[in-house]
Amino acid sequence: MTHQDHIDTPAGRDVRAPRERAAAQPETVPPAEFRSYYGRPVLKQPVWKVPDVPVYLFSGGMAGASAVLAELAAATGRPALARVARLGAAGGALAGVGLLIHDLGRPARFLNMLRMVKFTSPLSVGTWILSPFSALTTAAAASEITGVAPVLGRAAGLGAAALGGPMTTYTAVLITDTAVPAWHEAYREMPVVFGASAVSAAGGLGLLGLGVLGADVAENAPAARLGAAGAAVELAAGTAMERRLGDIGEKYRTGPAGRWLRAARVLSATGAVGAIAGRRHRGVAAASGVALLAGSLATRFGIFFAGRASAADPRDTVVPQRARVSRSGPGSP
Amino acid sequence: MSFTLDQRLAGPLADPAAEAGYDEHPPRMGFFTDTSVCIGCKACEVACKEWNLVPEDGLDLTGMSYDNTGELGASTWRHVAFVEQTTPRRDAVDLGMPSVPQGAVEDDREVRWLMSSDVCKHCTHAACLDVCPTGSLFRTEFGTVVVQEDICNGCGYCVPACPYGVIDIRPGDGRAWKCTLCYDRTSAGQEPACAKACPTDSIQYGELDELRERAAQRVDALHEAGTSQARLYGHDPADGVGGDGAFFLLLDDPEVYGLPPDPVVTTRDLPAMWTRAAAVAAGVVATVAAAFLGGRP
Ligand code: SF4
């Protein structure tokens, strides 16, 4: 329904002659139609840059799960896996810091983030997770490579592992704490999707890294399990999220978001099967790792584009709000 | 005065300036925009740009109506929406609205124009302010919401957080901008430039409590005069953003003017979001640990 249609004429844009039209006036009130201001968006689209922010969502998550993986691998006598995961954690974290600074409208002022700690701002909380995390993972990785100060390196790695869990899910709060319907309405499932996607990527990195290093395939069992389990949960939680969102979930199935997410599903599923079935074959294991990493990355792109599309569509904003007002009055949950 | 977390995030909040930490402060100030007397002259848009030195942001024709401004944005802090509707003919109350040439009207239909000067709502619970990680967005002693441009680092978080699509990043500048409710003028006891310039008093500036009373009377008067579609928007402290500092009298559903029908401050759900994220983070750690169970195969 467009702006031209008036509330008193629910028949909409009617091209029939006036008399016919009057005769055809419906007696019962038809279902409420969607109205808007010339079809223009109500919300502003996120200004976050592509690929900066979707890649950060991926690399931060991968780094977080890798930091946990690294310490457990070290503690259980899997030095090659620990090495790969430590380097992955540091690399992912540093890339994340770089991407986030590059994304700012005024990069030179990035330190203004550290003026305060603010719990109502997931970006503030996230900055206070990411900053120490990147410092600790970098120290752990530097010690890993150089062999200098192994005790301090180990301590740094444990510190990073403690922040690893939050690294995988705070970004879900970051995007769902917005007015964007396809993101906000998904706030229950999004941390599960992000956490699982991070686990899948860390497992994938482990498989790939061990393959490249030529390490004994006996070490890669935990990485294979994680890759497969993460991918399975990522797929299941993503599907549940789309379903529960109803009409808004359409944004995850159409346009660029739909294409990225279809690719993600194929990649993650292929990677999971390969990880379980072929982990003893070095080439298959490494290829499965690549597929899991790519699946996790594609998931983040898909979710990002779904949010953009949702903000741009006044239907996503207006229809659920209108339904809420008609149901129970304004402001009700 | 002390506030609970829930009061800080959503729901009615009598005194947002006190919640922000001002002990002694002036009364909460705001706008009441009575669109029933707006004539669409756009004097407010011009006065705002002039006074606040807001740069030109394109001289395009939208092709949809007399509204060639389009929407609020980083360089548009007042936006006059213009809606042309065909409605069944009825004996309309004379609101002092401009009339249209009779040739454009079918026998049983008439054309009506709705005009409304939109602006930042200066929400009681402002999502833009809540999510700002630098403290650049702050609550003034008047209870309004203002960006400190010397601090803003252009992270852009406020942009998708605003449930009204008001605030935006200015291209080439990189920082977020929006209506300040003329913080400089109001601090000096002057009314904001748009209200000053409005020739019909469609834009009224004053103490919010007083404006709410005045608005209630105006709606009653319009209802008595037969304009049953008149309704207030953003006046209710129990709504999803705790009520707006800038509220409106509309003559049709809010979405017809490009306004969300029932906006909710996203941070209302933040405690639930953090709780879930923390639980899942613990789950991630447990999952990784579980993958190491069973030792070497
Ligand atoms: S309308 Fe938007 S920009 Fe204005 S105070 Fe509310 S959230 Fe902030």
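Residues numbered from 1 in each chain as written. Chains lettered and ligands numbered in written order. Predicted model: local features only at pLDDT ≥ 70, side-chain atom pairs only at ≥ 80, totals over all residues. Heavy atoms only, no water.

Another aspect to go through is the overall build of chain B. When helices and strands are tallied, chain B shows nine helices and ten strands. On the principal axes, the C-alpha backbone points of chain B span a range of 85 × 50 × 40 Å. The buried share of chain B, reckoned over its 297 residues, is 59%. Put simply, of all contacts in chain B between residues at least 6 apart along the chain, 64% involve residues at least 24 apart. Carbon together with sulfur atoms contributes 53% to the accessible area of chain B, which is approximately 11,800 Å² in total. Charged side chains of chain B number 23 positive and 44 negative; the gap between the two group centres comes to 4 Å. (Helix = DSSP H or I, 4+ residues; strand = E, 2+ residues; numbered from the N terminus. Buried < 20%, exposed > 50% of the residue type's maximum accessible area, 1.4 Å probe, protein only. Contact = heavy atoms within 4.5 Å. Areas by Shrake-Rupley, 256 points an atom, 1.4 Å probe, with all protein chains shown as cover. Lys, Arg positive; Asp, Glu negative; His and termini not counted. Charge placed at Lys NZ, Arg CZ, Asp CG, Glu CD.)

Let's shift gears to empty space enclosed by the protein. In total, this model carries ten cavities of 30 Å³ or more according to the counting rule given. As for the largest cavity, its lining consists of 14 residues, of which Pro41(A), Val42(A), Glu71(B), Leu72(B) and Gly258(B) are closest to the centre. When its residues are assigned to classes, the lining of the largest cavity shows six nonpolar, four polar and four charged. (1 Å grid on protein atoms, 1.4 Å probe; cavity = no way out; pocket = protein on both sides within 12 Å on 5 of 7 lines; lining within 4 Å. Points joined across faces, edges and corners; volume = space filled by probe spheres on them. Nonpolar A, V, L, I, M, F, W, Y, C, P; charged D, E, K, R; others polar.)

Our focus in this paragraph is helix H9 (residues 270–291) of chain B. Taking 1.5 Å as the rise per residue, H9(B) with 22 residues should run 32 Å; its terminal C-alpha atoms sit 31 Å apart, in good agreement. Restricting attention to buried positions, one finds in H9(B) the residues Leu270(B), Met273(B), Ala277(B), Val280(B), Ala281(B), Val284(B), Val288(B) and Ala291(B). An end-on view of H9(B) places all buried positions within 110° of arc, on one side of the element. Check the buried side of H9(B) and you find it contacts helix H2 (52–75), helix H4 (122–146), helix H5 (150–176), helix H6 (181–184), helix H7 (190–213) and helix H8 (221–244) of chain A. (Expected span 1.5 Å × (residues − 1). Arc of directions from axis to C-beta.)

Another aspect to go through is the site of the ligand. With respect to spatial proximity, 14 residues lie near the ligand, and among them Cys120(B), Lys121(B), Cys123(B), Cys128(B) and Cys162(B) are the closest. For the shell around the ligand, a count of residues per class yields eleven nonpolar, one polar and two charged. (Near = heavy atom within 4 Å.)

The next point concerns the nonpolar core. Formed by 116 residues in total, the largest nonpolar core has its most connected members in Trp183(A), Met190(A), Tyr252(A), Phe31(B) and Leu137(B). Non-local contacts of Leu137(B), meaning those with residues more than four positions away in its chain, are made with Cys128(B), Leu129(B), Cys132(B), Val145(B), Val146(B), Val147(B), Cys158(B), Ile167(B) and Lys178(B). With 35 residues, the next largest nonpolar core counts Ala201(A), Leu207(A), Leu210(A) and Ala223(A) among its residues. (Core = buried A, V, L, I, M, F, W, Y, C linked by side-chain atoms within 4.5 Å.)

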